[in-house]
Amino acid sequence: MHDRLRPLWPLSLLASLVAGAAQAQSSTDVTRESLVREAREGALPEAIAGLERLYAQTGDERVRADLIALLVRAERYQQALDVCTGCRVEQYQAGELETLGSAARSVQAFDQALVYYQALAQRDPEATQALLGQALVYTDQQRYTEAGIALERYERLAGSTTQGLEARGYLASQTQNPVQELAARQALVERDTDNTGELQAVYRLAVGLGASSAARELMLAHPDTFAASDRLWLAYYEAVTDIRLGIHTDQPNRTASGLAQLDSVLAAPGLPDELETRAEYDKVVALSELRRFSEAEALSMRLELQYGALPDYVLRARALALNGLGRPDEAATLYRELIRRSPQMAVDPDDPLNEGLFYSYTDAQRFKEADRLLQSWLGKEPEYRWDFTRTVQIDNTNYQKILMLDVLLTAWRGQMDEASERLASYQAQAPGEPYLWITKGDLERDRGWPREAETSYRMAETLLPPDQRYQAEHGVLLARLQRGQWEGTTTEIAREISEARPSASRDELAREWREARAPQLSATVTRATGDGTGTQASKEWRSQVRLDGPRDARGSRPFVEQINQYGEFDERELRAGYTMAGYEINLHPATVVVAAGTGAQLGRDFLAQVDIRYAFDDQLSATLGADINSVDTPLRALDDGVSADRYRAELAFRRDERGTGAIGVSAMDFSDDNLRRAAYGYWRETLYHLDRWQIDAEVQASASLNDDVTASYFNPERDANLGGLLSVNYEIPLDYRQSFTQTLTIGSGRHWQENVDAENTWSIGYGHRFELAPRFELEYGITRERAVYDGIPEYDNTLSAGFVWRFQ
């Protein structure tokens, strides 16, 4: 029996082995399923630990798959990837590949994730999750074209799904395509109107795109989804939108509205720190654009101390504020740093940084640097550029801007003729361009031709649309102020300063009016010592102090004046003093100055003055004057008890900023029956002016005729003088509108006098001048000269000093 069963023993063994394996498999599955149930019931860590022990014991692929799934569920991604470090990709089930791909992506192992998703796609070309996973990983890797292809394949197979829309939104956000992202997010919200995350994402995109009304409607429709901070963010975005649109559309009122809303956001309780920071940054921008420079600079300094380095757009606003505050060197430093970091912004067609840097250089009188900047910039700008369609060439605004800036720079460097000629050539090509007329008016004002400037500004007004005429209108008011037409003009200026839009021209109008009205104290003093033995004093002093009151709405002002004279003759000291009060009356185009006072010491009599000046045009003016007991009466005449009245007339001509002169006659009626008749003339011409250097020349001629009266004062029967003076000036900029100028003067001449030999005269002098506009000017110098009196040469050393102090 036993022998007959022997051939069947292998079959029995196989059956036993199969039965044992089935029993073992059944036991593994039971344990595995039990552990999975534990995980579902919340005992996730215990279930993972049990599966790890079971997998170590059995190596079962289903245990491995469940273990990987639970580890990913527990967000223990790296442990999931390390479950089977020796497994080949081919050994994993399809579900495991998808799970491992997700785990690898979660730990940013994008190449490994792509391997799993690609393996899953090769195993099943229609596995939509493989395509979706590839699209997400490609987006992570910034391989946006491949991501888009994978998404399109996914959408062809799976249609429009929630996962697909989320992937589409993710791709759009990474490629900074807010419009496509918004479309994807909106589709997700339509599928699930209670999806808080997507509602907030749509809100964020809407405000980011400037669709604040849509964002507000979304917030009203889902009030429970948004917190108070979300409402503050919306108010902030609305404010920033107003500020940016106000800047780009040149509507300061809109910028001001945005600033007011920013202030309300900043005043709100419970303001998030990030929102507060961003709102304050944008406030700096708004304040600068509204030309509230002091506030902008103070806020930017506080923010820099509080948060460290400022964003570039805030630094740009700060640079504008620094320029407006008269700190151009600091502004130039900021502009150069911004250009270094973003070179393309230097030549931006809409708002080039080079323009701000140019004005910083010129305000600081760094003219050579400004010129180098323009030449470098011009080399980068073609005369024409393509429009946005890339089909039509249009004028390059930057190229034209450079040409105009070069005209201004040429004028500011002292070459007004060349600047005017160049501007005239541009106007011949474009006579209807209003801003060329405005520039022409500016140059004419600088050249001292305010009436011609007004004509140019009026032409610009006719060519500009009504809302853009403010710059030309301000130019007209400045021209009137400059030529003395105050009546009516000052009322318009006050209104413009109060109501006009913030602009550089409004700031200039306010500054010029403020400085023209300001009261001021001025003083000059001269001390001469010489070896004269003739009619002149061996020592002489003369001082003059004048206090001018503020100008009224008509341009008139009161003044008081104190004049003192001292001379030492033959070891005798002679002194005279005068105190006067007067009024300068503006009767444009005439100006009348009247004054009266009394003398002291040698000149004790009542004295009075009247001067009438009439301006025929920008170039020609005439002055008539009369003095009763003139302050120009020589000290020796006063010592002899002789007083004098003086009458004078002058015709002055001002060609331009480089040339001016006058001719005049006078009669001085002395009480000793002497009548001194005199005539004079002079012409001053700037021979050279470029940047810091200026060379001026002056020619002077005078003659007098006196009665034959015995007098102790200098009283030649006839005499005449002809002389010339050359001055060389070198200016050193100290700060905005502040400078130090050194001047060397050399003069020579010839003096003729009746009954004596003609003699040569000469002078040499050196002086300093500090101009600290608008408040203070100081000037002093020393001169050595040779003069001739009654044929006797006399040598004098003269010290002089003077200052002007304006009260503002």
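Described below are features of the structure shown in this document. In this text, all values refer to a predicted model and were calculated from it rather than measured experimentally.

**Observations concerning the state of the cysteines**
Then, number 1: Scanning the entire structure with this criterion turns up one disulfide.
Then, number 2: Disulfide pairing places C84 opposite C87 at an S-S distance of 1.6 Å. Across the disulfide from C84 to C87, rotation about the S-S bond amounts to roughly 75°, and the bridge is consequently right-handed. As far as the burial class goes, C84 and C87 line up, both buried.

**Topic: helix α10 (residues 162-174)**
Then, number 1: Between its terminal C-alpha atoms α10 stretches 18 Å, which fits the 18 Å expected from 13 residues at 1.5 Å a residue.
Then, number 2: Those residues of α10 lying buried are G164, L165, A167, G169, L171 and A172.
Then, number 3: Q176 sits one or two positions beyond α10 and adopts a positive phi of about 55°.

**Looking at the nonpolar core**
Then, number 1: With 52 residues, the main nonpolar core has Y236, L275, L357, F358 and L374 as its most contacted residues.
Then, number 2: Take this core: its biggest share by element is eight residues, from helix α14 (residues 228-248).
Then, number 3: If near-sequence neighbours (up to four positions away) are discounted, Y236 is found in contact with L262, V265, L275, R278, A279 and D282.
Then, number 4: Ranked by size, the runner-up nonpolar core spans 45 residues in total, among them Y55, C87, L97 and Y154.

**Some words on the pattern of salt bridges**
Then, number 1: Inspection of every chain in the model, using the stated rule, returns 60 salt bridges.
Then, number 2: When the shortest N-O distance is used, the salt bridge between R340 and E337 registers 2.5 Å. Here E337 and R340 lie together in helix α19 (residues 328-341), a separation of three residues that amounts to about one turn.
Then, number 3: Put simply, R655 and E685 hold a salt bridge, and the shortest N to O gap is 2.7 Å. One end of the pair, R655, is in the loop between β10 (644-654) and β11 (659-670); the other, E685, is in strand β12 (residues 675-690), with 30 residues separating them in the sequence.
Then, number 4: Salt bridges sharing partners connect three or more residues here, namely D29, R32, E33, D60, R62 and D66.

What counts as what
- Residues numbered from 1 in each chain as written.
- Predicted model: local features only at pLDDT ≥ 70, side-chain atom pairs only at ≥ 80, totals over all residues.
- Heavy atoms only, no water.
- Disulfide = S-S within 2.5 Å.
- Buried < 20%, exposed > 50% of the residue type's maximum accessible area, 1.4 Å probe, protein only.
- Helix = DSSP H or I, 4+ residues; strand = E, 2+ residues; numbered from the N terminus.
- Expected span 1.5 Å × (residues − 1).
- Core = buried A, V, L, I, M, F, W, Y, C linked by side-chain atoms within 4.5 Å.
- Contact = heavy atoms within 4.5 Å.
- Salt bridge = Lys/Arg side-chain N within 4 Å of Asp/Glu carboxyl O.

These figures capture arrangement, not role.
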